[in-house]
Amino acid sequence: MVVALLVLILIGTATAVNPGFKTEITQKGIDYVRTVGIPILIRELQGLDIPDQNGKAGSPIGDIDYGLSSITTSDLAIPSSAVAIDPKIGLRVTGSGASMHMTAHWHYRMSSWPHISDSGSCDVSVSSVSLALVIIVGQSTLGLFVVFTLLVTITGICISRS
């Protein structure tokens, strides 16, 4: 949501062949969008239902089928964030100290004999997450606003389970 708002705002900064109007976005305006947008982003992500995850993994004793279901998030917090316009790159969004809680049901089953299996539920807390989002903006050959690259970097994840 926040990224969509920021991208829409940046549309005004793209240069057209004969623009009907021009606008300039200041850092103060970007800070206002961040102040309003981050709480909206957090509200939208609270209670997010993540699609079930299933797969197969190889192990020294055979393949294992696994699954995670009923994955939900809660207690999302992003205590520190910043949005800046870099004239050479585009838009840079950073956040640090982010945390969240997730719950899920899990199961696994060995594909070969003796078909060992188990299942249960888990509570996972993720903390100390740092992330950076870079949106490189530009202009197409027709003079239209385009987003060339969307780069997300996530570092510093601490996971604890209960």
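Please read all numbers here as calculations on a predicted model, not as lab measurements.

Analysis parameters
- Residues numbered from 1 in each chain as written.
- Predicted model: local features only at pLDDT ≥ 70, side-chain atom pairs only at ≥ 80, totals over all residues.
- Heavy atoms only, no water.
- Helix = DSSP H or I, 4+ residues; strand = E, 2+ residues; numbered from the N terminus.
- Buried < 20%, exposed > 50% of the residue type's maximum accessible area, 1.4 Å probe, protein only.
- Contact = heavy atoms within 4.5 Å.
- Areas by Shrake-Rupley, 256 points an atom, 1.4 Å probe, with all protein chains shown as cover.
- Salt bridge = Lys/Arg side-chain N within 4 Å of Asp/Glu carboxyl O.
- Polar contact = N/O pair within 3.5 Å; in protein donor to acceptor, adjacent residues only side chain to side chain.
- Expected span 1.5 Å × (residues − 1).
- Bend = angle between axes of the 7 residues up to and from the residue.

### Considerations on the overall build of the protein
Link 1 in the chain: Summing up its helical and strand segments, the protein has two helices and eight strands in all.
Link 2 in the chain: Going from the N terminus to the C terminus, the protein shows its helices and strands as α-α-β-β-β-β-β-β-β-β.
Link 3 in the chain: Burial status across the protein gives 20% buried among its 162 residues.
Link 4 in the chain: Taking the contacts inside the protein whose residues are at least 6 apart along the sequence as the reference set, 58% of them involve residues at least 24 apart.
Link 5 in the chain: Split by element, the accessible area of the protein, about 10,500 Å² in all, is 61% carbon and sulfur.

### Observations regarding the pattern of salt bridges
Link 1 in the chain: The tally for this structure, following the rule as stated, stands at one salt bridge.
Link 2 in the chain: The salt bridge involving lysine 56 is made with aspartate 65; its shortest N-O contact spans 3.8 Å.
Link 3 in the chain: Residue classification places aspartate 65 among the partly exposed residues on the basis of a relative accessible area of 28%.

### A look at the side chain of histidine 101
Link 1 in the chain: Tracing the chain through its elements places histidine 101 in strand β5 (residues 90–110).
Link 2 in the chain: Side-chain polar atoms of histidine 101 contact the side chain of serine 125, separated by 3.2 Å.

### Re helix α2 (residues 27–45)
Link 1 in the chain: With 19 residues, α2 extends 26 Å between its outermost C-alpha atoms, agreeing within 8% with the 27 Å of an ideal straight helix rising 1.5 Å per residue.
Link 2 in the chain: The principal kink in α2, of about 30 degrees, is found at glycine 37, preceding the proline proline 39 by one to four residues.
Link 3 in the chain: For α2, the full list of buried residues reads Ile30, Val33, Gly37, Ile38, Ile40 and Ile42.
Link 4 in the chain: Note on α2: the residue one or two positions beyond its end, glycine 47, has a positive phi of about 70 degrees.

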